[in-house]
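As a plain string of letters, each chain reads:
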Amino acid sequence: MGQIASEALIERLAAWGVDTVFGLPGDGINGIMEALRRHQDKVRFVLVHHEEAAAFMATGYAKATGKLGVCLATSGPGGIHLLNGLYDAKLDHMPVLAITGMQETSVLGTGYQQEVGLDKLYADLTEYNQMIYNPAQLPGVVDTAIRTAYARRGVAHLTFPNDVQVADAGADPWQHVAPAVPPQTSPVMLPAPGRPREEDLQRIAALLNDGEKIAILAGAGARHAREELLAVAETLAAPIVKTLSGKAVVPDDSPYTTGGIGLLGTRPSEELMEEIDTLFLVGTNFPYTKHLPPAGQVRVAQIEADPTRAGGRVATEVPVVGDAKEGLAGLLPLLKQRTDTKFLEKCQKQMSKWRDRMADMENAKRDPIAPQYLVSVLDELAANDAILTCDSGTIATWAARHWGIRGGREFFLSGNLATMAPGLPYAVGMQHAFPGRQVIAYVGDGGFAMLMAEFLTAIQHQLPVKVIINNNNSLGQILWEQMVLGYPEHGVRYPQPFVNFAAFAETNGGLGIKVERPKEVRGAIQKALNHRGPALVDVNVNPDEPPLPGKIEYQQARKFAEAFLKGQPRKATIATTLFRDKIDQLKS
Ligand SMILES: Cc1ncc(C[n+]2csc(CCOP(=O)(O)OP(=O)(O)O)c2C)c(N)n1
Ligand SMILES: [Mg+2]
C-alpha cells in the first residue's frame, strides 16, 4: 500500500511533537482520517461531538501545555463549527493548527455540495492560511504553518482538497517553473530571545525606583514568572493586581496580591488604582482601561512579549519588549529595596477586610444555595495542583473571588473572547495533556448546555474530568447586566423546572449528582472528586444572587434601582440577597 499525501501531514505533526488531534470526521477529510488511522501509534485522534469543542480542546491544550493544539474538521459545516473555538485561540494568543477538508480541486468554484471557501472565511482569524493545491506543497507548508502558529502565537489553517489528501505521497503532477520547492525543515521552534535590552531594563528600574506608591498589574504573560514577580513585589513593596487570565500568576493568599481587577475583581484592587503614582504592567494587555488610573495621573512602565502590544493600552512612559520572567530577573538587581512599606501594608489591611467579606458570603446556611458557598467548598476540597476551567458568566465572578490559587493550581477561561462554553472542552483537552491531574470544569447551566455532549467524550475516552454546574436556570450574567443598564430583565431565565444535568451524566455512565440543598453540597463535591471516572455535580443555586462589582459606583446602583422601579421581576427575592443593603442606602 503506497503512502498517501495526507500521511506526509500526519508524519510532520508527529515530528513537531503533536501527539493529539481533536476532531470529527466527514466526507471532506476521509483521506486525512485514513492517514491518522495508519499512524495512530504516533498521533492519537480524539473523536468529539461538536467541532467547536474540538477547537476549544486544542486551545485549552495549548493554554495548559504551551504546545501546539491541533483540531480537525470536515469541509463546509465542520470548518464553520470550528470558528468560535479558534477565535478563542486567536484572542488569547495560543498556537493552534486547524486542519480542514475542501472539495476536490476539479469541482472548486462550481458551487459543489458543501463548498465553503474556508480559506476565505478564515481570513480574519489566521496568522497563516493556506489551501493545499498540490501534494508537492507537502510537507514544507505544514512546517511553515506550525512555525507561524508558534511564532505569531495564533491560528494557522491548512485546508486540503479531497483529491490532494489521497494523492500519492510525493506526487508532483505539474511541470516545475519555480526554481525551488517548499523545503522540509527541522521541526524546531526557537522562541525569540526573551531578555529585554539592558538599557531598557535600566529605564524601567529608574522609573520604578522613583515611585512612591507602586502597583504591579500582572497578566497571563507572567504565568511562568511567579518567583520573579514576587521578588520584585517584595523589593518595591508593591501589591500585585491580577487580571482574570493572570489569576494563577501568584497565589491568592500571598501578602503581595490584592487579587483581581475589573468588574470581577476586588475592592482593594479598585481602590489602590486611585492612589498609586506608578503602574508596572507585566505580561498583560488588559483591555478594561476604565479600571486603570486615567492618563497623566501615573507613570507607567511595561514588560510585554509582543512589540505590537507594548505600550498599546495606556500612555506608557517605558514600554519594553521581552519575556516577563527574563525581564523581571534582569530588572531585580537594578531595583532599590524600598523600606517604606506603608502603602503595601494599607493594601494588605484592606485585603484582609475583603477576605472577611468574601468569607461571609460563603455562608453554608444560605438557602437556596449561595454560589459563593459552592465555590468555597470546591476550593477547600480540590487538590493543590488542580486545574480549574471556567466559562463566561456569573461563574467567572464566583471563581475569580472564591477559587483560591495555591501551590500548583491553575485557572483557565476564555479571556479576551469571553465566550460561553469552553470550560468543559478545555477540561477534556487538558485532561488528555495531564492524565494524572485533577481537572475540574466549573460552568454555568447555559454554557454547559451548549456543549454538554462533550461530557460523553469524557466518558467515552475514560477521562476523569469533574464538572461542577452552577445551575441558576438562567443566563445570569446578562440578567444582571440588563439591570445595571436600568432595564428590567428580559429573556434571560429558562422556564422552570431547573434542568437535571445529573440524570444525563448518570444515564450515560458517568457519576451524576443533583444537589438542591446546602447541606448536600460538601458530600457531593467530595464524592465527585474521589470518583475515579468522569463525574458531574449539578447544583441548583440561588438564581437571584447578584455578582456585584468590588466597588459599587453610584451610577451602577442608581441604574439597578431604576430597573426595580420599572418592574424588575422577582424583586423580593433579589432584594433579600446582599444587594438589599444597597437599595436601602439609595432610598434613604
Ligand atoms: C457564545 C456566547 N453567547 C452569548 C454570550 C453572552 N453571555 C455572556 S455570559 C452569558 C450567560 C451565561 O449563562 P450561564 O452559562 O448559565 O452562566 P451564569 O451567568 O448564569 O452563571 C451570556 C449569555 C457569550 N459570552 N458567548
Ligand atoms: Mg446560568
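Refer to the structure printed above.
Residues numbered from 1 in each chain as written. Chains lettered and ligands numbered in written order. Predicted model: local features only at pLDDT ≥ 70, side-chain atom pairs only at ≥ 80, totals over all residues. Heavy atoms only, no water.

Asks: Would you mind showing me how to read the overall build of the protein chain here?
Replies: Along the protein chain, the regular secondary structure elements total 23 helices and 18 strands. For the protein chain, whose C-alpha radius of gyration is 25 Å, the value lies close to the compact-globule estimate of 25 Å for 588 residues. Each principal axis of the C-alpha atoms in the protein chain carries an extent, and together these give about 85 × 65 × 45 Å. Within the protein chain, the proportion of its 588 residues that are buried is 57%. Within the protein chain, counting contacts between residues at least 6 apart in sequence, those at least 24 apart form 75% of the total. Carbon and sulfur atoms form 54% of the exposed surface of the protein chain, whose accessible area is close to 23800 Å². With 57 positive and 64 negative side-chain charges, the protein chain shows a spacing of 6 Å between the two charge centroids. (Helix = DSSP H or I, 4+ residues; strand = E, 2+ residues; numbered from the N terminus. Rg over C-alpha atoms; globule rule 2.2 N^0.38 Å. Buried < 20%, exposed > 50% of the residue type's maximum accessible area, 1.4 Å probe, protein only. Contact = heavy atoms within 4.5 Å. Areas by Shrake-Rupley, 256 points an atom, 1.4 Å probe, with all protein chains shown as cover. Lys, Arg positive; Asp, Glu negative; His and termini not counted. Charge placed at Lys NZ, Arg CZ, Asp CG, Glu CD.)

Asks: Whenever I open this one, the nonpolar core confuses me. Can you help?
Replies: One recurring pattern in soluble globular proteins: nonpolar side chains tend to sit buried together. Counting residues in hydrophobic clusters, the biggest one holds 54 residues, and the most contacted among them are Cys71, Leu82, Leu86, Phe448, Phe455 and Val467. No other element matches helix α3 (residues 51–65), which puts nine residues into this core. If sequence neighbours within four positions are ignored, Leu82 has contacts with Glu51, Glu52, Ala54, Ala55, Cys71, Ala73, Ala98, Thr100 and Tyr122. Within the second largest apolar cluster, 36 residues are counted, among which are Ala382, Ala399, Trp403 and Tyr442. (Core = buried A, V, L, I, M, F, W, Y, C linked by side-chain atoms within 4.5 Å.)

Asks: Whenever I open this one, the packing of helix α9 (residues 226–236) against helix α11 (residues 324–331) confuses me. Can you help?
Replies: Close contact between α9 and α11 brings their axes to 9 Å; oriented N to C, the two are set at 35 degrees. Where α9 crosses over α11, the handedness of that crossing is left-handed. When α9 is examined against α11, the residues Glu228, Leu229 and Val232 are found in contact with a partner set consisting of Lys325, Leu328 and Ala329. (Axes fitted to C-alpha atoms, helices over the stretch in contact; angles between N-to-C directions. Left-handed = near helix turned anticlockwise from the far one by under 90°.)

Asks: Mind showing me how you'd approach the sheet that holds strand β16 (residues 466–471) here?
Replies: Pairing within the open sheet is parallel, and its six strands lie in the order β14-β13-β15-β16-β18-β17. Two strands bound the open sheet, and with one partner strand each, they are β14 (410–412) and β17 (511–515). Each strand axis lies, on average, 15 degrees off the axis of its neighbour in the sheet, ignoring direction. (Pairing = 2+ DSSP bridges.)

Asks: Just to check I follow, could you spell out the side chain of Arg401 for this structure?
Replies: Relative to the helices and strands, Arg401 is located in helix α14 (residues 394–402). Despite being buried, Arg401 has no salt bridge partner; Glu270 is the closest side chain of opposite charge, sitting 8.2 Å away. (Salt bridge = Lys/Arg side-chain N within 4 Å of Asp/Glu carboxyl O.)

Asks: Could you clarify how one ought to interpret the pairing of strand β1 (residues 20–24) in this entry?
Replies: Successive residues of a regular strand alternate their side chains across the two faces of the sheet. A large share of β1 lies buried, amounting to five of its five residues. Neither face of β1 is left uncovered, since the one carrying Thr20, Phe22 and Leu24 and the one carrying Val21 and Gly23 both have all their residues buried. In this view, the connection linking β1 to its parallel neighbour strand β2 (residues 44–47) by way of helix α2 (residues 30–38) has right-handed handedness. (Right-handed = clockwise from strand over helix to strand, strands pointing away.)

Asks: Help me understand the pattern of salt bridges in this model?
Replies: Note on pairing: side chains with opposite charge can pair once their charged atoms come close. Summed over all chains, the structure comprises 33 salt bridges. A salt bridge links Arg299 to Asp210, with the shortest nitrogen-to-oxygen separation between them at 3.4 Å. A residue pair is termed long-range when its members are at least 10 positions apart, and Arg299 in strand β11 (residues 299–304) and Asp210 in helix α8 (residues 198–210) qualify at 89 residues. By relative accessible area, Arg299 is classed as partly exposed at 31%.

Asks: Where do I start with the site of ligand 1 in this structure?
Replies: In the vicinity of ligand 1 there are 18 residues, among which Thr394, Gly446, Gly447, Gly476 and Gln477 approach most closely. Between ligand 1 and the protein, one listed contact pairs an oxygen atom with a backbone N or O atom of Gly447 at 2.8 Å. Contact between ligand 1 and Gln477: an oxygen atom at 2.8 Å from a main-chain N or O atom of the residue. Out of a free accessible area of 580 Å², ligand 1 has 79% covered by protein chains. (Near = heavy atom within 4 Å. Polar contact = N/O pair within 3.5 Å; in protein donor to acceptor, adjacent residues only side chain to side chain.)

Asks: Is there a simple way to think about the coordination of the magnesium ion (ligand 2) in this case?
Replies: Six octahedral donors at a metal ideally form angles of 90 or 180 degrees, and four tetrahedral donors ideally form angles of 109.5 degrees. Protein coordination at the magnesium ion (ligand 2) comes from Asp445 (OD), Asn472 (OD1) and Ser474 (O), with a distance range of 2.1 Å. Counting along the primary sequence, the residues that act as donors to the magnesium ion (ligand 2) give the motif D-x26-N-x1-S. By relative accessible area, Ser474 is classed as buried at 3%. (Donors = N, O, S within 2.8 Å, 3.2 Å for Na, K, Ca; no water.)

Asks: How should the sheet that holds strand β7 (residues 214–218) be read in this particular structure?
Replies: Sheet strands pair via backbone hydrogen bonds, and the direction of the pair is either parallel or antiparallel. Taken together, the six strands give an open sheet; going across it, the order is β9-β8-β7-β10-β11-β12, and neighbouring strands pair in parallel fashion. Each having just a single partner strand, β9 (257–260) and β12 (318–321) make up the two edges of the open sheet. Taking each pair of neighbouring strands and ignoring which way they run, the sheet shows an average axis angle of 15 degrees. The sheet contact formed by strand β10 (residues 278–282) and β11 spans five bridges and is parallel. Pairing of Thr278 across the sheet is with Arg299, part of β11. Most of the contacts of α9 go to β7, to which it runs at about 170 degrees, and overall it touches β7, β8 (240–242) and β10.

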